[in-house]
Amino acid sequence: MYIIIMGGGRVGLSLANLLIEDGFDITLIENDESLCAEVAAELDALVICGNGTSSKLLEETNIEDADYFVATTGNDEANLLSCILVKKYNVPNIIARVSNPDHEEAFKAVGINNVISPEITAAGYLEKLVTRPNVADLITLGEGDGEIIEMTITNKKIVGKRIEEISPTKDYIIISINENGKIEIPQKDHVIARGEKVSVLVKRGAFNKLSKKLEG
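Just so you know, these numbers come straight off a predicted model, no measurement behind them. (Residues numbered from 1 in each chain as written. Predicted model: local features only at pLDDT ≥ 70, side-chain atom pairs only at ≥ 80, totals over all residues. Heavy atoms only, no water.)

Participant: Talk me through the pattern of salt bridges; I want residue IDs and the actual numbers.
Facilitator: Scanning all chains against the criterion turns up 4 salt bridges. Here Glu 104 makes a salt bridge to Lys 108, at a shortest N to O gap of 3.0 Å. Here Glu 104 pairs with Lys 108, and both are found in helix 5 (residues 104-109), just 4 residues apart, close to one helical turn. Asp 171 is the partner of Lys 209 in a salt bridge, and the nearest nitrogen-oxygen pair spans 2.9 Å. Of this pair, Lys 209 sits in helix 7 (residues 207-215) while Asp 171 sits in the loop between strand 8 (146-152) and strand 9 (172-179); the two residues are 38 residues apart in sequence, bridging distant segments of the chain. Several salt bridges share partner residues, and in doing so they unite Arg 162, Glu 164 and Glu 165 into one network. (Salt bridge = Lys/Arg side-chain N within 4 Å of Asp/Glu carboxyl O. Helix = DSSP H or I, 4+ residues; strand = E, 2+ residues; numbered from the N terminus.)

Spelled out as C-alpha cells, the structure:
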C-alpha cells in the first residue's frame, strides 16, 4: 500500500515512521527545507522538499498510484487546497488534519470526510483520564457515537447474576469476557464473578450509567 504524507513537521515524521514500521510504502512531502535533509536521513522513504499544493510536485510523487493521501500540516488552508488537488487524481482515501475545529465543515463541503482535529482528540482524551482513569478504551465507533471499553466488575449487587439479567440494554452490551488473557463470548447463563474483566460496547453519553451498574 502506497501512502503520501504532506508536511506536519514532527507530526508527519512520526506518522511516517509508524507506517514504515507497519510495512507501508511512504513518500513524505515536507516544506521546511532545514527539516528535509534531517528527515531524509531518518526515514526509509522518499522525502520530497516542497509544497503539496503544487500539482507538479504531487505528480512527482506518483500521486495516481497512491492509496492514501494524508495532509498533516498545521495550516488548514494548505491542507484543504492540497486535498482538493488530490481529489482530481482519484486517490481513494484522503485524510486531513484540521487545527481549527470550525474549519471542519469546509473540508466536508468539498468531499473530504476523513477529518482529524488534534485539539478535539486531545480534549476528549483528557476528559476520559479525568472521568474514567481505571477504564481502558479499546476502540471508538462511528463518529464517536459508541465505543468499546474494558472494565472490571466490582459491583457486589450484580455478582452472582447471569449475563442475561444485565445485558444487553438500549445503552450497552457486554461483548466479551476476558479470563486469563483469553477472550470468551458471554453466554446468557454465564454467572458474573467479582473482579471479572469484560469488554462492553457502550453508546455515547451512557458511560456513567454503565459504570454505576458494573462498578457500583
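Structure shown, so let's carry the discussion forward.
Participant: An account of the sheet that holds strand 6 (residues 114-116) is requested, with residue identities and associated values reported.
Facilitator: Read from one edge of the open sheet, 6 strands run 3-2-1-4-5-6, paired in parallel fashion. The strands lining the two open edges of the sheet, one partner per strand, are strand 3 (46-49) and strand 6. Direction aside, neighbouring strands of the sheet carry axes that sit 15 degrees apart on average. Inspection of the sheet shows strand 2 (residues 25-30) paired to strand 3 by 4 bridges, in the parallel sense. The residue bridging Thr 27 from the neighbouring strand is Leu 46, located in strand 3. Strands in contact with helix 1 (residues 10-21) are strand 1 (2-6), strand 2, strand 4 (68-71) and strand 5 (93-97); relative to strand 1, the strand with the most contacts, it is inclined by about 165 degrees. The sheet contacts of helix 2 (residues 33-42) involve strand 2 and strand 3, and relative to strand 3 the element is tilted by about 170 degrees. (Pairing = 2+ DSSP bridges. Axes fitted to C-alpha atoms, helices over the stretch in contact; angles between N-to-C directions. Contact = heavy atoms within 4.5 Å.)

Participant: Describe in detail the nonpolar core, supporting the description with residues and values.
Facilitator: In terms of nonpolar packing, the biggest core is built from 23 residues, with Ile 63, Phe 69 and Val 91 touching the most fellow members. Counting residues per element, the ones that place at least two in this core are strand 1, helix 3 (55-60), strand 4, helix 4 (76-87) and strand 5. With 4 residues, helix 4 is the largest single contributor of residues to this core. Once residues lying within four places of it in the same chain are set aside, the contact partners of Val 91 are Ile 63, Ala 66, Asp 67, Tyr 68, Phe 69 and Val 86. Core analysis: the second largest hydrophobic core is formed by 17 residues, Ile 149, Met 151, Tyr 172 and Ile 192 among them. (Core = buried A, V, L, I, M, F, W, Y, C linked by side-chain atoms within 4.5 Å. Buried < 20%, exposed > 50% of the residue type's maximum accessible area, 1.4 Å probe, protein only.)

Participant: How would you sum up the pairing of strand 4? Please name residues and give values.
Facilitator: Bridge count between strand 1 and strand 4: 4 bridges; the pairing is parallel. What sits directly across from Met 6, in strand 4, is Ala 71. As defined by bridge partners, strand 4 adjoins strand 5 across 4 bridges and the pair is classed as parallel. Within the sheet, the bridge partner assigned to Tyr 68 lies in strand 5 and is Asn 93.

Participant: Break down the environment of Gly 195 for me, citing the residues and quoting the values.
Facilitator: Checked against the element boundaries, Gly 195 lands in the loop between strand 10 (182-184) and strand 11 (197-203). Residue Gly 195 is classed as partly exposed on the basis of its relative accessible area, which comes to 41%. It is 44 Å that separates the C-alpha atoms of Gly 195 and Ala 71, two residues lying 124 residues apart in sequence. The residues contacting Gly 195, other than those within four sequence positions of it, are Thr 152 and Ile 153.

Participant: Provide a residue-level description of helix 1, including the pertinent values.
Facilitator: Across its 12 residues, helix 1 extends 16 Å between first and last C-alpha, which sits within 8% of the 16 Å expected from 1.5 Å per residue. Residues of helix 1 that are buried include every one of Gly 12, Leu 13, Ala 16 and Leu 19, and no others. Angularly, the buried residues of helix 1 cover 130 degrees about the axis, an arc narrow enough to put them on a single face. Those residues of helix 1 that are exposed and angled more than 90 degrees off the buried face are Leu 18 and Glu 21. Check the buried side of helix 1 and you find it contacts strand 1, strand 2 and helix 2. The positive-phi residue at the C-terminal boundary of helix 1 is Gly 23, with phi of around 95 degrees. (Expected span 1.5 Å × (residues − 1). Arc of directions from axis to C-beta.)

Honestly, it's all geometry; don't read function into it.
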